[in-house]
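Letter by letter, the chains look like this.
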Amino acid sequence: MLKQVEVERLAAEAVNSARTRPPLYAPRKKIFPKRASGNFRQFKWLVMAVTLGIYYLTPWLRWDRGPYAPDQAVLVDLAHRRFYFFFIEIWPQEFFYVAGLLMMAGVGLFLVTSTVGRAWCGYTCSQTVWVDLFLVIERWAEGDRNARIKLDAAPWTFDKIWKRVLKHSIWLLIAVATGGAWIFYFADAPTLIRDVFTGQAAPVAYTTIGVLTATTYIFGGLMREQVCTYMCPWPRIQAAMLDENSLTVTYNDWRGEPRSRHAKKAAAAGQSVGDCVDCNACVAVCPTGIDIGDGQQLECITCALCIDACDSVMDKIGKERGLISYATLSDYNSNMALSTGGGAHAVDPTLVRGSGGTLADGVRHFHIAKIFRLRTFIYLGAWLLVGVALSYALLTRDRLEINVLHDRNPQYVTLSDGAIRNGYTVKLLNMIPEPRTFMLSVEDLPGAMMSIIGIDDPIERSAEITVEPDKLKMLRVFVRLPRERVTGPAVNFSFFVQDIAGPDRDRYVATFNASEISQ
């Protein structure tokens, strides 16, 4: 039964209309989104709070790594070329882990888009999150949509000036905090914030804060939807990720048309009337200024605020929610065929409703099983494959490395007793934040003995070497072999290093040269 409730028709016009595209270089038309309320808006508040909390608070988290390493949980230590993430420490030569994470992020974005459309854009993209935050400040300072439109058109009075100054001042404070939070990921946060405020920080820190302040203020406060529409490549790419079973925000015109603001009079006159009352609520709340009634568009970021706005109207007039909803193209096409008699005539809303006025049994609704299809399984499999490979490599990696460089000139020396000596530069890398003692030895070269410059130990086949935390130790090593043990001009052997107190070990295959002896 249709409730007799007068629904206000909002004076909202789609700025980015799919039906009348503006010229590419047309001046920007300001958008004043109305505040929405509902399940999706609440979810966006939650996502905004979580993502902003992670960004601003993470540099202040502590993680005890002992006395020889920084205690900041997440730190990109450019000075010492390290990346710390809680219990994980990444060295420059292990950058493939970061590359793997980027691969997972890319495949994950494909997976999300193929299942729920541009959910990344609508909920977790940094542009969306900061624009939402800036809009909160704007509404607080200037009022909701109608008040902001009125203020924008008003002359420059004292009331308008102080409201604008207040809004932009808070925006700038947020932008400065955004730039400041970023630099805290690259140095100890408590130390750096003291240096910043006392003028002792490096120039690059102030430059970074300035650049990020400007970009945050301009993108989040001034450009807003233009970043999504003109600067971001993802709206153009995402079309290749979608198929007929991907969820997108959809205006279900198979039940909404024909629109009427006077449904009772139209019904009394025997006219077919859809559920849409042409109130423009969906247009008024849209942050990118589109009319979802025009269909899926490049500008739509799938934030679902139009769903909340429309559901509130449907509640008022006693209709089922979902006139605008997350739907798949396959379900939409099926329901459209039902309402048009297979395309034989225009939309007839009576064909999608039963005798009791509720939606007919033949109307198709989204089912979670549609998410699980070949494409999503391929994306999920690729994502898991990269994740498992990275996890295995991370859990099984050795935190000890050895590298050896043979002397180039001379390649060998003949000693007074006839023995042959080769010189090597041996580099031992201790990749954990605590001192360790390693046993370095020569293997697979019978009769060979080793001496190390700076170590007074007698010539042996092995030696104990202590390496400082997170440091590389370079050694000058001489390997000598009695003349009678020389078997050829070049013989392969191994430098073997092992942690005395742990399981880490590594091996490097080197060459012992004695070409003169073999001739």
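Summary of the structure given here. (Residues numbered from 1 in each chain as written. Predicted model: local features only at pLDDT ≥ 70, side-chain atom pairs only at ≥ 80, totals over all residues. Heavy atoms only, no water.)

**Quick look at the nonpolar core**
Going by this rule: Put simply, buried Ala, Val, Leu, Ile, Met, Phe, Trp, Tyr and Cys residues joined by side-chain atoms within 4.5 Å make one nonpolar core. Buried residues are those whose accessible area, probed at 1.4 Å on protein chains only, stays under 20% of the maximum for their type, while exposed residues exceed 50% and partly exposed ones sit between those limits. Helix and strand definitions follow DSSP, with helices as H or I runs of at least four residues and strands as E runs of at least two, each counted in order from the N terminus. Here a residue-residue contact requires only that any non-hydrogen atoms of the pair lie within 4.5 Å.
Judged by nonpolar contacts, the single largest core of 38 residues is most densely connected at Val249, Ile292, Cys306, Ile307, Ile324 and Tyr326. Residue assignment for this core shows that the elements contributing at least two residues are α3 (119–124), β4 (248–251), α13 (281–285), α14 (305–317) and β5 (324–327). The greatest single-element share of this core, amounting to 8 residues, is contributed by α14. Excluding residues within four positions of it along the chain, Tyr326 makes contact with Phe40, Val116, Tyr123, Leu247, Thr248, Val249, Thr302, Ala304 and Ile307. The next biggest cluster of nonpolar side chains, apart from the first, holds 29 residues, and it includes Ala448, Ala463, Val479 and Ala514.

**Structural notes on a nonpolar patch on the surface**
Defined as follows: Without a salt bridge and with relative accessible area above 30%, a residue can belong to a patch; like charges are then joined within 9 Å and nonpolar side chains (Val, Leu, Ile, Met, Phe, Trp, Tyr) within 5 Å. Under the convention used here, a 1.4 Å probe and the Shrake-Rupley method define accessible areas, while residue burial counts only the protein chains that appear. Any Lys or Arg side-chain nitrogen located within 4 Å of an Asp or Glu carboxyl oxygen qualifies as a salt bridge.
A cluster of nonpolar residues, Phe366, Ile368, Phe372, Phe377, Leu380, Trp383, Leu384 and Val388, forms a patch on the protein surface that exposes about 750 Å² of accessible area. Inspection of the secondary structure assignment puts Val388 in helix α16 (residues 374–396).

**Let's talk about the side chain of Arg224**
Note the cut-off: Polar contacts, as used here, are pairs of N or O atoms within 3.5 Å; protein pairs need one atom able to donate a hydrogen and one able to accept it. Residues neighboring in sequence count only if both atoms are side-chain atoms.
Here Arg224 shows up in the loop between α8 (203–223) and α9 (225–231). Side chain to side chain, Arg224 and Glu138 meet in a polar contact 2.6 Å long. One polar contact links the side chain of Arg224 to the main-chain carbonyl oxygen of Gly221, over a distance of 3.3 Å. Setting aside chain neighbours within four positions, we find Arg224 in contact with Arg28, Ile31, Gln127, Val131, Leu135, Glu138, Trp171, Ile218 and Phe219.

**A short note on unusual backbone geometry**
Cis geometry is adopted by the peptide bond preceding Pro258, which originates at Glu257 and carries an omega value of -10°. Note that Pro258 resides in the loop between α11 (253–256) and α12 (263–268). Between Asn409 and the following residue, Pro410, the backbone shows a cis peptide bond with an omega angle of 0°. Inspection of the secondary structure assignment puts Pro410 in the loop between β6 (400–406) and β7 (413–414). The phi torsion at Arg81 lies on the positive side, around 55°, for a residue other than glycine. Its location among the elements puts Arg81 in the loop between β1 (74–77) and β2 (82–85). Judged by relative accessible area, which is 61%, Arg81 ranks as exposed.

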